Amino acid sequence: MSTSLSRYLVEQQRAKGKIPPELRLLLEVVARACKSISHSVNKGALGGVLGSASTENIQGEVQKKLDIIANEVLIDANEWGGHLAAMASEEMDSIYLVPNRYPKGEYLLLFDPLDGSSNIDVNVSIGTIFSVLKKPDGVEDVSEKDFLQSGSQQVTAGYCVYGPQTTLVLTVGNGVDMFTLDREQGSFVLTHEGIQIPADTKEFAINMSNMRHWDDPVKKYIDECLQGKEGPRGKDFNMRWIASMVADVHRILTRGGVFMYPWDKREPSKPGKLRLMYEANPMSWLVEQAGGAATNGKQRILDIVPTQLHERVSVILGSNNEVERVTGYHLKP
Ligand code: P6P
C-alpha cells in the first residue's frame, strides 16, 4: 500500500510530533501549489506560458512568464489558510503580509517560485524551493526584520523538481524523504525515505566558464579534480552543470556530488550569486539532513545570520568529504 503525502504528514504529526496541525496544513497547501505549477510547466508552448514577461525582479533579472505564474500560484494558495503571517519571494521586492481579511498564523513562508528559469524555454528541469520559519514570539505586525533568521531556525524546507518526474523533497528535521507525483491519482506518493548522500564522490557541479574569475581555493580544488587519477586525488572526476540548482541538488541527494557557486571577481562586492534565504538555506538543510555538508567556503551556511532579505551567498554543498576539502582550502590557503 503506497503512502500518500497526506498520510505521511499525519503519521509524522502523530508519531514524531514534529508537524503541528498548522504546519501540516502549510505543507499540504505548498504541495498542492507545486502540483498546479507542474501542470503549467508541463503545458509549455501549448499553454502560452513560455518566454519572458516584460518585467524585471529585484535581482535585476528579466522575469519569465512562468516565474510570475508560479509566484501568484504560491501566494493565492497560501494567503487564506490561516497558517501564515507573511511570505517572501525571489520575485517580490518586499515581504507579502497576509491580507487582514484572512486569519494570520505563526509561520513565515519563503520561496523561489521557479528556480532555474533560464531553462524553461529549452525544456530542462526547473523547480520550486521553499523554506519555513516561525514568526518571532510576541510579534503582532510582521516586518522584513522578522524574516532575518539563520537557516538553523527553519522548521521545514524542501523543493519540487519539475523534470521527467515531478518530485517533492522535504525535511522537517527527521531526515529527507521524497514524493513522486502520481498524475493519475493527482497525489504525491512516498517513493524514497531517509535519503543519505555518500561522503565521497567523483562528480562536481560548477559553471566552468567562470574559472578565470574564481578565488584560488576553488581553482586549486577544481584543478586537482581535472588532473584525474594521475593527480593528487588519484581518481578521475565527472562534471555536471544543469544551471538549475534544484536539478543539481536533486542529483546530489540521489547519488552524491559537490555543487559549487562560489564568490568570483565578476561582482566582487557580492558574496555570491545564489540567495541565502530561499535558495541556499533550504538546500543546505536538506543536504545536512541527508548526511552532507554546506558552507560558504568559510562557515556553515545555516549559521549565517542574514542582514537583508535578498542577500546572496557563496555555496559549496554536497558530499561531506568534498565540502570539507574545499572549505579547508579556503580556511588554510
Ligand atoms: P549560471 C538559476 O538562475 C540559478 O539561480 C541556480 O538555479 C543555478 O544553479 C544558477 O543560477 C545558474 O547560474 O551563472 O550558471 O547561469
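Counting restarts for each chain, with residues numbered from 1 along the sequence as it is written. Residue-level local features of this predicted model are given only where pLDDT is at least 70; pairs of side-chain atoms are given and counted only at 80 or more, and the full residue set underlies all totals for whole chains, interfaces and linings. Note: side-chain values were computed over all heavy atoms of the structure, leaving out hydrogens and water.

Peer 1: If you had to explain the overall build of the chain to someone new, which residues and values would you point to?
Peer 2: A run of H or I in DSSP counts as a helix once it spans at least four residues, and a run of E counts as a strand once it spans at least two, with each numbered from the N terminus. Looking only at helices and strands, one finds seven helices and 17 strands in the chain. As a reference, a globule follows 2.2 Å times the number of residues to the power 0.38, and the radius of gyration itself is taken over C-alpha atoms. On C-alpha atoms alone, the chain measures out to a radius of gyration of 19 Å, which is about the 20 Å that the 2.2 N^0.38 rule sets for 333 residues. In terms of its C-alpha atoms, the chain occupies a principal-axis envelope of roughly 65 × 45 × 45 Å. Three labels apply to residues, based on accessible area from a 1.4 Å probe with only protein chains included: buried if under 20% of the type maximum, exposed if over 50%, partly exposed otherwise in between. Across the 333 residues of the chain, 57% fall into the buried class. Whether two residues are in contact is decided by their heavy atoms, any of which lying within 4.5 Å being enough. Of the contacts made within the chain by residues no fewer than 6 positions apart, 63% connect residues no fewer than 24 positions apart. Surface exposure here means Shrake-Rupley accessible area, sampled with a 1.4 Å probe, where a residue is shielded only by the protein chains that are shown. For the chain, the exposed area adds up to about 14,100 Å²; of that, 49% sits on carbon and sulfur atoms. Residues counted as positive are Lys and Arg, residues counted as negative are Asp and Glu, and His and the chain ends are not counted. The atoms used to mark charge sites are NZ of Lys, CZ of Arg, CG of Asp and CD of Glu. Distance between charge centres in the chain, computed from 36 positive and 42 negative side chains, equals 3 Å.

Peer 1: Report on helix H4 (residues 216–227), specifying residues and quantitative values.
Peer 2: The end-to-end C-alpha distance of H4 is 16 Å, a good match for the 16 Å that twelve residues give at a rise of 1.5 Å each. Taken residue by residue, H4 has Pro217, Val218, Tyr221, Ile222, Glu224 and Cys225 as its buried positions. Burial along H4 is one-sided: seen end-on, the buried residues are contained in an arc of 155°. Residues of H4 that are buried make contact with strand E11 (203–205), strand E13 (258–261) and helix H7 (320–331). Backbone geometry just downstream of H4 places glycine 228 in the positive-phi region, at approximately 65°. Here, expected helix span is obtained from the residue count minus one, scaled by 1.5 Å. By construction, the arc corresponds to the directions joining the helix axis to the C-beta atoms.

Peer 1: Run through the nonpolar core, naming residues and quoting values.
Peer 2: If you look at the biggest cluster of nonpolar residues, it comprises 42 residues, and the most contacted ones within it are Leu5, Leu109, Leu114, Leu168 and Leu170. Top contributing element to this core by residue count: helix H2 (residues 21–43), with ten residues. Within the second largest apolar cluster, 29 residues are counted, among which are Val169, Ala205, Val249 and Val287. By convention a nonpolar core is built from buried Ala, Val, Leu, Ile, Met, Phe, Trp, Tyr and Cys residues, the set being connected through side-chain atoms within 4.5 Å.

Peer 1: Which residues make up the pairing of strand E1 (residues 52–56), and what are the values?
Peer 2: In terms of strand pairing, E1 meets strand E2 (residues 62–64) through two bridges, oriented antiparallel. Looking across to E2, one finds that glutamate 56 is bridged to valine 62. Paired strands are those between which DSSP finds at least two bridges. A loop of five residues connects E1 with E2, the two strands running antiparallel in sequence, and glycine 60 in this loop sits at a positive phi of about 80°.

Peer 1: Quick rundown of the site of the ligand? Include the residues and the values.
Peer 2: Taken together, 13 residues lie around the ligand, and Asp115, Asn207, Trp241, Met245 and Tyr261 are the ones closest in. A distance of 2.8 Å is found between an oxygen atom of the ligand and a side-chain nitrogen or oxygen belonging to asparagine 207. Think of a polar contact as two N or O atoms within 3.5 Å of one another; within protein, one of them needs to be a possible hydrogen donor and the other a possible acceptor, and neighboring residues in sequence only count if both atoms come from side chains. With respect to the ligand, the side chain of tryptophan 241 contributes an N or O atom lying 2.9 Å from an oxygen atom. Across the complex, the protein chains shield 84% of the 400 Å² of accessible surface that the ligand would expose by itself. Cavities and pockets are found on a 1 Å grid laid over the protein atoms alone: a cavity is a set of points where a 1.4 Å probe fits but cannot escape, a pocket is an open set with protein on both sides within 12 Å along at least five of seven lines, and a lining residue has an atom within 4 Å of such a point. To be counted as sitting in a cavity or pocket, a molecule needs more than half of its atoms within 2 Å of that site's grid points. Put simply, the ligand lies in the largest pocket. Put simply, the parts of the chain that give the shell around the ligand at least two residues each are E13 and strand E14 (274–275). We call Asp, Glu, Lys and Arg charged. Ala, Val, Leu, Ile, Met, Phe, Trp, Tyr, Cys and Pro are nonpolar, and the rest, Gly among them, are polar. When the residues that make up the shell around the ligand are grouped by side-chain class, the tally is six nonpolar, three polar and four charged. Residues are counted as near a molecule or strand when any one of their heavy atoms sits within 4 Å of it.

Peer 1: Could you give me a rundown of the sheet that holds E11, with the residues and numbers involved?
Peer 2: Strand order in this open sheet of five strands is E12-E11-E13-E17-E15, and the pairing throughout is mixed. In this open sheet, the two edge strands, each paired with only one partner strand, are strand E12 (238–239) and strand E15 (293–295). The pairing of E11 with E13 spans two bridges and is parallel. In the sheet register, phenylalanine 204 faces E13, and the bridge partner there is valine 258.

Peer 1: Before we move on, could you go through the pattern of salt bridges and cite the residues and values that matter?
Peer 2: Each salt bridge in this description consists of a side-chain nitrogen of Lys or Arg and a carboxyl oxygen of Asp or Glu lying within 4 Å of one another. Under the defined criterion, the tally for this structure stands at 15 salt bridges. Between lysine 220 and glutamate 224 there is a salt bridge, with the nearest N and O atoms lying 3.2 Å from each other. You can see lysine 220 and its partner glutamate 224 sitting in helix H4, four residues apart, about one turn around the helix. Judged by relative accessible area, which is 9%, glutamate 224 ranks as buried. One salt bridge in this structure joins arginine 251 and aspartate 248, with 2.9 Å as the shortest N-O distance.

Peer 1: How would you sum up the sheet that holds strand E3 (residues 84–89)? Please name residues and give values.
Peer 2: Pairing is mixed across the open sheet formed by eight strands, whose spatial order is E4-E3-E5-E6-E7-E8-E9-E10. Edge positions in the sheet fall to strand E4 (96–97) and strand E10 (187–192), since each has one partner strand and no second. Direction of pairing for strand E6 (residues 126–134) relative to strand E7 (residues 156–162): antiparallel, over a ladder of seven bridges. In the strand pairing of E7, valine 132 is matched with threonine 156. Each of strand E8 (166–171), strand E9 (177–182) and E10 touches helix H1 (residues 5–16); the most contacted strand, E9, lies at about 150° to it. Whenever a helix is involved, its axis is fitted only over the stretch in contact; in every case the axis is a line through C-alpha atoms, and angles between N-to-C directions fall within 0 to 180 degrees. Sheet strands touched by H2: E3, strand E5 (107–115), E6, E7, E8, E9 and E10. Its angle to E5, the strand with the most contacts, is close to 15°.

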